[in-house]
Amino acid sequence: MRKVALGVSSSISIYKACEVIRLFQSEGLGVRVIMTEKATRFIQPYLFTSLTGERTIVELFDDQQRPIEHISLVDEISLLLIAPATANIIGKLASGVADDFLSTFYLAAKCPVLVAPAMNEAMFLHPQTQENIRKLKALGVEFVEPDTGYLACGKKGPGRLASPETIVHHGLRLIKSREPFRDKVFLVTAGPTREFLDPVRFVSNPSSGKMGYELAREAWQLGAEVILVSGPTGLEAPAGVYLEKVNTAEEMREAVRKHYSRADVVLMAAAVADFRFKKTLSDKARKTEIGQTLEIEPTPDILEELGRQKQRQLLVGFAAETGRLGERAAEKMKKKKVDLMVGNDVSGPGVGFASDENEVTLFWPDGRSRKIPRMSKRKISQEIMAEIEVLLNERKGKS
Ligand code: PMT
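These numbers were taken from a predicted model, which means no experiment stands behind them. Starting afresh in each chain, residues are numbered from 1 along the sequence in its written order. Reporting of local features is limited, given that this is a predicted model, to residues whose pLDDT is at least 70; pairs of side-chain atoms are given and counted only at 80 or more, and all residues count toward the totals for whole chains, interfaces and linings. To get the side-chain values, all heavy atoms of the structure are used, and hydrogens and water are removed first.

**Observations regarding the sheet that holds strand β16 (residues 314-321)**
In step 1: As summarised here, the arrangement of the eight strands in space is β12-β11-β8-β13-β16-β17-β18-β19, forming an open sheet in which the pairing is mixed. Lying at the two open borders of the sheet, with one neighbouring strand each, are β12 (242-245) and β19 (369-376). Within the sheet, the average angular offset between the axes of one strand and its neighbour, ignoring direction, is 20°.
In step 2: Two strands pair under a simple rule: DSSP has to find at least two bridges between them. Put simply, DSSP H or I for four residues or longer makes a helix, DSSP E for two residues or longer makes a strand, and each gets a number counted from the N terminus. Judged from the four bridges that link them, strand β13 (residues 265-268) and β16 form a sheet pairing that is parallel. Residue pairing for β16: L267 is matched across the bridge by V316. Inter-axis angles, ranging from 0 to 180 degrees, are taken between N-to-C directions of lines fitted to C-alpha atoms, where helices are fitted over the stretch in contact.

Set out below in structure tokens:
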């Protein structure tokens, strides 16, 4: 099992470290906590020991410890994360002071190092702290920028520890990032489109964007540059991902076209509305003005256009069906010239539109298929990325 060393220093936001541990564990990673002595004034080490199942390290010289544990632990971990990181620990790391377990361990660590600062805004913005951060960045240490908001001291400004989700998301990129994703641009579409009749009425579908956002998140963690073109959803884009918001199929088409030439992989998870109104009104129409019949026309088929213009891009389509999945997914795969079709039977309860879980079948142009049983959309994304990795490696092998 891969393991994260979580360094915890003395900040009021120390309680967020518990959630950081839980999130890493839910990704199948072990966590070993290292506390500074001052951090133990806020929380007893026993709390972290209980959460991780491993003894929390505080002292550099401890009879219960393996001899020179700061060296032996180095080989066990894939990431050193310091969250929360005070101005003091950042200053020590920047100047090479090694006077406790955490600062000594930093000097011994060979793995990537990620620091999530948390402090009063004046301390964070102080030229000395900024200089220390710059110094560490130049040495390859990565930072999760603190949030701006109300701080424990009552002031407002930058210095609030980033959310555990954002911290873990960055940490996972440092652990998981690899070839062939690292130098690739992924263009992902997500969510529904809305086709308006007038400013207050539209046709759409129940897509929540969850599937597409999970794909974007996973691609970024694997090391890719990710552009997410999203229809209206209630979701926040994963940190690091470039988000472009659209409403209609036409807007999605424009956004996708703009980025297509740079893209290496395109994942069309969006549920693009198939029809729009022939006539749209700029003012809200009265009920009596609308009448009984509304004329519609097809929206542009974005994926089909991409298929026609395809050069080096790897195209991944999604086919949402309520029956005859294999047959219909195969038809769409051929028509839209996609390299991998994700067949999504959306008729069952708890899968497909707006659910946290999904169940899909992957189809390849050579007739192969693979069913992925019901699991979270996050895990489905990981399975899809594993197949994309195979396709990218095959292409690399051929070139
Ligand atoms: O967003 P969630 O709530 O998480 O739900 C996920 C999902 C069910 C929306 C997703 O898994 C999914 O199946 N997305 C594709 C939905 C869809 O529009 O399927 P389709 O069979 O109608 O279209 C086939 C492909 O062509 C899709 O990749 C679609 O993006 C694309 N398309 C469709 C119509 C159109 N005008 N332009 C397109 O590019």
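Next comes the rest of the write-up.
**Points about the pairing of β19**
Within a regular beta strand, the side chains point alternately toward one face of the sheet and then the other, so they alternate between its two faces.
In step 1: Bridge analysis of strand β18 (residues 357-363) against β19 gives six bridges, and the strand direction is antiparallel. Bridged to N358 within β19 is M375.

**Considering the side chain of T193**
In step 1: You can see T193 is positioned in the loop between β8 (185-190) and β9 (195-198).
In step 2: Contacts: residue pairs with any heavy atoms within 4.5 Å of one another. Residues within four places of T193 in sequence aside, it is in contact with V203, S204, N247, T248, A249, M252, A271, V272 and A273.

**Observations concerning the pattern of salt bridges**
In step 1: By definition, a salt bridge exists where a carboxyl oxygen of Asp or Glu is found within 4 Å of a side-chain nitrogen of Lys or Arg. Tallied over the entire structure, the rule returns 38 salt bridges.
In step 2: Among the ionic pairs, E389 bridges to R178, the shortest N-O distance being 2.8 Å. Of the two residues, E389 sits in helix α14 (residues 377-398) while R178 sits in the loop between α8 (164-176) and β8, which places them 211 residues apart along the sequence.
In step 3: For E389, a relative accessible area of 15% gives the class buried.
In step 4: Each residue's exposure class comes from its accessible area (1.4 Å probe, protein chains only) as a fraction of the maximum for that residue type: buried when under 20%, exposed when over 50%, partly exposed otherwise. Judged by relative accessible area, R178 falls into the partly exposed class, the value being 34%.
In step 5: For the salt bridge of K278 with E295, the shortest nitrogen-to-oxygen distance reads 3.6 Å. Here E295 lies in the loop between α11 (287-290) and β15 (296-298) and K278 lies in the loop between β14 (275-277) and α11, a separation of 17 residues in the sequence.
In step 6: Here E295 falls in the exposed class, since its relative accessible area comes to 54%.

**Overview of the site of the ligand**
In step 1: Note on definitions. A residue lies near a molecule or strand when any single heavy atom of the residue is within 4 Å of it. The ligand sits among 29 residues. The nearest are S207, S208, K332, N344 and A354.
In step 2: Distance and chemistry together define a polar contact, namely a pair of N or O atoms within 3.5 Å, with one atom able to donate a hydrogen and the other to accept it when in protein, and with adjacent residues in sequence counting only for side-chain atoms on both sides. Taking S208, its side chain carries an N or O atom lying 2.6 Å from an oxygen atom of the ligand.
In step 3: Contacts to the ligand include K332, whose side-chain N or O atom sits 2.5 Å from an oxygen atom.
In step 4: Contact with the protein chains hides 96% of the accessible area of the ligand, taken as 770 Å² for the molecule alone.
In step 5: Broken down by secondary-structure element, the contributors of at least two residues to the shell around the ligand are α9 (210-221), α12 (302-309) and β16.
In step 6: Looking at the shell around the ligand, the element that brings in the most residues is β16, giving four residues.
In step 7: The residue makeup of the shell around the ligand, split by class, is 15 nonpolar, eight polar and six charged. Areas reported here follow the Shrake-Rupley algorithm with a probe of radius 1.4 Å; residue values treat only the protein chains shown as occluding. For this classification, Asp, Glu, Lys and Arg are treated as charged, while Ala, Val, Leu, Ile, Met, Phe, Trp, Tyr, Cys and Pro are nonpolar and the rest, including Gly, are polar.

**Regarding the pairing of strand β17 (residues 340-345)**
In step 1: Burial analysis of β17 places five of its six residues in the buried class, which makes it a mostly covered element.
In step 2: In this sheet, β17 lies alongside β16 in parallel orientation, the contact comprising six bridges. Across the sheet, the residue bridging to F318 is V342, located in β17.
In step 3: The handedness of a crossover follows from its direction of travel: if, with the strands pointing away from the viewer, the path from the first strand over the helix to the second runs clockwise, the crossover is right-handed. Between the parallel pair β16 and β17, the chain is carried across by helix α13 (residues 325-335), and the sense of this crossover is right-handed.

**Let's talk about the sheet that holds strand β3 (residues 77-85)**
In step 1: Spatial ordering of the open sheet is given by β2-β1-β3-β4-β5, a layout of five strands whose pairing is parallel. Each having just a single partner strand, β2 (30-35) and β5 (142-143) make up the two edges of the open sheet.
In step 2: Note: strand β1 (residues 3-8) against β2, six bridges, orientation parallel. From the neighbouring strand, V4 faces β2, where its bridge partner is V31.
In step 3: Of the strands in this sheet, β1 and β2 are in contact with helix α2 (residues 45-52), which crosses β2 at around 170°.

**Quick word on unusual backbone geometry**
In step 1: A83 connects to P84 through a cis peptide bond whose omega is 0°.
In step 2: Counting through the fold element by element, P84 comes out in strand β3.
In step 3: Phi is positive for K337, close to 55°, though the residue is something other than glycine.
In step 4: On the basis of relative accessible area, K337 is assigned to the partly exposed category, the value being 45%.
In step 5: A positive phi angle, close to 65°, is found at A354, a residue other than glycine.
In step 6: Its location among the elements puts A354 in the loop between β17 and β18.

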